Amino acid sequence: MNILDSSEIDERIFKAIRKVKPSLESVPLTPSTRIRDLGLESIEVLTVVFEMEEEFNVSIVDQQLDTFRTVEEARAVVEKLLAKQGSPGTGAAAAS
Amino acid sequence: MTRRVVVTGVGCVSSLGVGAPALWDGLMLGQSAIALTRFARGGLEAQFPAAPVRGYAELDHFQPDELAMRDPFAQYAIVAAREAMRDAGPDNAYPDPAETGVILGNGSGGDGTREDAAIRLFGEKRLRCNPMLVPRTNSQASVGFVSMEFNATGPSLLISTGCAAATHAVAQAYLMIRHGLARRVISGGSEASLRLSVLQAFDAARVLSHTTCRPFSRDRDGMVISEGGGVVILEDLETARKRGAPIYAEIAGVGMSADAHSSVHPSEAGPVQALRGALKTGQVDPEEVAYINAHGTGTQVNDRVETRAIKTVFGEHARKLVVSSTKALHGHAFGAAGGIELVATLLAMRHGVAPPTANYLGPDEECDLDYVPNSARPMKIGVAVKQSFAFGGLNAAVILRRDIML
């Protein structure tokens, strides 16, 4: 199964973050960016996780995996979930 | 403590356009915003006469980051409140945020967002909900956002009495100021329920027109749904005078009642009781009332019962005062209706012109008052009534007096 490469996963996590906070479009995001340092309210952080679930068609919260702090750590969770389900990670949101 | 309460600012988003001037121009031109409109959701579609908000783009009023949490019903309240606060003038007479409250009405909060969520959940079988669904759709979201916008920390609440919500909200705001719980209240209502699910539900109850809204007219066949926001600034007379604010009118009195009779079939007694209550608390002689901005939905039963109630309260004077329903022009905005129509009434008093009841074809046997058919009419309006009635048999009336008697 062809799993997404790291940089593509990062880009799609950035996309999830910017969907919740469009003003971050002009802010450079990197793998080491700490999501809570982006000036998000707690409900916006929850919504980033929701948008990641949409983006990759994975279930993060139900498996209590929403403990990541950085984009890099989020990517590790996504990679683990994609590998487990053997899916290329094209969620409904990604497909639309 | 009893304070006198005046209106010093108005703001509006309606199917006649963004801003109170757009509402007034639309009312004076007499060109209805109602048009046959197609609604499609979840693979289904239907057409209804409707009056969506015109000329509104959310990015004209909000930053992109603000949109996720703000359903259109909250946006309309905020935009109308901004205009009303600007209209009321400099607010340095209110240095203590605890003196300003926010009391708004709506019928059903974020109905549109809930419709989208239901399609996702039950239609697409996707179990997870967007975490912002609750704060975005809560009925009180409009009140919360307006309080944040103006750092108003005084008494703030949401009144959800359907089509009477905004008028009930203004009545509560009046009572808050009158009895010293606040010195200024941002009040009125907003609604954004123009969705396929809502239209189908109202159509099932056989209250929607399939032609257009023609209140009090022969051949009327129902209401037409619209949306928007209507907000007024209420403050105590003393502060308003001290700061030299232009005053639209004094809220002379308010009345409220329940029919305690039927969920859907209005009684005459309920509106009569609300109207008489408003006249009594305002110590207004019925013969002073020059203009009534009616609930006037355009359904057979509402307009018949409302006409009867006016005749019962005013007797012979019912033939002298004039009544109009502006819903023929801007549609029925449910929880925003009383707010938009109160703005229309205040502008009518200021300009000395009664707005027309548009789409009027001729008298009905049971609706035989002067409804200002089809063309606006210049006239002095010293005392006016805004009344609203809701499913559940809940009624509210507000009496406005133009000349402030000291």
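None of the values given here were measured: they were computed from a predicted structure. (Residues numbered from 1 in each chain as written. Chains lettered and ligands numbered in written order. Predicted model: local features only at pLDDT ≥ 70, side-chain atom pairs only at ≥ 80, totals over all residues. Heavy atoms only, no water.)

Q: What is the right way to read empty space enclosed by the protein from this model?
A: Here the idea is plain: a probe the size of a water molecule rolls over the atoms and shows the empty space left. Residues and elements named next belong to chain B. Counted according to the given criterion, the structure contains 1 cavity of 30 Å³ or more. Estimates place the volume of the largest cavity at around 30 Å³. Taken together, M85, A88, G89, P90, D91, Y94, R184, I233, E235 and R243 make up the full set of residues lining the largest cavity. Sorting the residues of the lining of the largest cavity by element identifies α2 (72-88) and β9 (228-236) as the ones contributing at least two each. Residues that form the lining of the largest cavity fall into these classes: 5 nonpolar, 1 polar and 4 charged. (1 Å grid on protein atoms, 1.4 Å probe; cavity = no way out; pocket = protein on both sides within 12 Å on 5 of 7 lines; lining within 4 Å. Points joined across faces, edges and corners; volume = space filled by probe spheres on them. Helix = DSSP H or I, 4+ residues; strand = E, 2+ residues; numbered from the N terminus. Nonpolar A, V, L, I, M, F, W, Y, C, P; charged D, E, K, R; others polar.)

Q: Mind showing me how you'd approach the layout of surface pockets here?
A: Considered as a void within the structure, the largest pocket measures approximately 790 Å³ in volume. Taken together, 34 residues form the lining of the largest pocket, with E51(A), T113(B), D116(B), N130(B) and R136(B) sitting closest to its centre. The set of elements that each furnish at least two residues to the lining of the largest pocket consists of α1 (6-20) and α2 (42-56) of chain A together with α2, α3 (111-123) and α4 (133-137) of chain B. When the residues that make up the lining of the largest pocket are grouped by side-chain class, the tally is 14 nonpolar, 5 polar and 15 charged.

Q: How do you make sense of the sheet that holds strand β3 (residues 35-41) of chain B when you look at a structure like this?
A: Within a sheet, neighbouring strands are paired by backbone hydrogen bonds and run either parallel or antiparallel to one another. All names here are of chain B. Here we have 3 strands laid out as an open sheet, ordered β3-β4-β8, and mixed in their pairing. If you trace the sheet from one side to the other, it starts and ends with β3 and β8 (225-226), each paired once. As judged from the 7 bridges shared by β3 and strand β4 (residues 44-51), these two strands associate in the antiparallel manner. Across the sheet, R41 pairs through a bridge with L44, a residue of β4. Together, β3, β4 and β8 form the strand contacts of helix α7 (residues 196-204), whose direction differs from that of β4 by roughly 75 degrees. (Pairing = 2+ DSSP bridges. Contact = heavy atoms within 4.5 Å. Axes fitted to C-alpha atoms, helices over the stretch in contact; angles between N-to-C directions.)

Q: Whenever I open this one, the interface of chain B and chain A confuses me. Can you help?
A: For an interface, size is often stated in terms of accessible area lost upon the parts coming together. Every contact between the two is made by 11 residues of chain B and, on the other side, 14 residues of chain A. Overall, the association of chain B and chain A removes approximately 1100 Å² of surface from exposure, summing both partners, and the carbon and sulfur fraction of that is 56%. On the chain B side of the interface with chain A, the three residues burying the most area are D65(B), R128(B) and P131(B), jointly 51% of the side's total. Here chain B and chain A share 4 salt bridges between them. In this structure, R128(B) and E53(A) form a salt bridge, with 2.5 Å as the shortest nitrogen-oxygen distance. Counting the contacts that link chain B with chain A gives 4 residue pairs in polar contact (both at pLDDT 80 or more). (Buried area = accessible area lost by both parts, 1.4 Å probe. Salt bridge = Lys/Arg side-chain N within 4 Å of Asp/Glu carboxyl O. Polar contact = N/O pair within 3.5 Å; in protein donor to acceptor, adjacent residues only side chain to side chain.)

Q: I keep staring at the packing of aromatic side chains and nothing clicks. Help me out?
A: The description of an aromatic ring pair rests on the distance of the ring centres and on the angle between the ring planes. All names here are of chain B. In this structure the tally under the stated criterion is 5 aromatic pairs over all chains. Seen in terms of ring centroids, F216 and Y371 are 4.3 Å apart; in terms of plane orientation they differ by 5 degrees. Their pairing is stacked. Pair noted here: F216 is in the loop between α7 and β8 and Y371 is in the loop between β13 (353-354) and β14 (377-378), with a separation of 155 residues, a long-range link. Its guanidinium or amino end placed over the ring of Y248, R350 lies 3.7 Å from that ring's centre, counting from NZ or CZ. (Phe/Tyr/Trp six-rings, centres within 6.5 Å; stacked < 30°, edge-to-face > 60°. Lys NZ or Arg CZ within 6 Å of the ring centre and 35° of its normal.)

Q: Explain the pattern of salt bridges here, please?
A: Note on pairing: side chains with opposite charge can pair once their charged atoms come close. All names here are of chain B. Tallied over the entire structure, the rule returns 35 salt bridges over all chains. Residues D303 and R220 are paired through a salt bridge, measuring 3.5 Å at the closest nitrogen-oxygen approach. On the criterion of sequence distance, the pair formed by D303 in helix α10 (residues 300-314) and R220 in the loop between α7 and β8 is long-range, its members being 83 residues apart. For R220, a relative accessible area of 3% translates into the label buried. With a shortest N-O distance of 2.8 Å, E288 and R401 are connected by a salt bridge. (Buried < 20%, exposed > 50% of the residue type's maximum accessible area, 1.4 Å probe, protein only.)

Q: In this structure, what is going on with α10(B)? I would like to understand it.
A: One full turn of an α-helix is made of 3.6 residues, so residues set three or four places apart face in the same direction. All names here are of chain B. With 15 residues, α10 ought to run about 21 Å at 1.5 Å a step, and its terminal C-alpha atoms sit 22 Å apart, in line with that. Looking at the buried residues of α10, the elements they touch are α9 (269-281), β11 (289-293), β12 (322-324) and β15 (383-390). Downstream of α10 by one or two residues, G315 has phi in the positive range, about 55 degrees. (Expected span 1.5 Å × (residues − 1).)

Q: Teacher, can you tell me more about the nonpolar core here?
A: A general tendency of soluble globular proteins is for nonpolar side chains to be buried together. In this structure, I13(A), I17(A), M52(A), I60(A), F68(A), V146(B) and I186(B) are the most contacted members of the largest nonpolar core, which totals 57 residues. Of all elements in the fold, only α1, α2 and α3 (71-85) of chain A together with α2, β5 (100-105), α5 (141-149) and β9 of chain B reach the threshold of two or more residues within this core. At 11 residues, α2(B) tops the list of elements feeding residues into this core. If near-sequence neighbours (up to four positions away) are discounted, I13(A) is found in contact with M52(A), F56(A), V71(A), A74(A) and R75(A). Grouped together as the second largest cluster of nonpolar side chains are 55 residues, V7(B), V170(B), A182(B) and V232(B) included. (Core = buried A, V, L, I, M, F, W, Y, C linked by side-chain atoms within 4.5 Å.)

Q: Looking at this structure, I do not really get the confidence of the model for chain A. What am I missing?
A: When pLDDT drops low, the exact placement of atoms in the prediction is not to be read closely. Averaged over every residue, the pLDDT of chain A is 88; the share at 70 or more is 88%. In this model residues 92-96 of chain A is a low-confidence stretch, pLDDT under 50, and it forms 7 contacts with partners more than four residues away in sequence or in other chains. (pLDDT = per-residue confidence, 0-100.)

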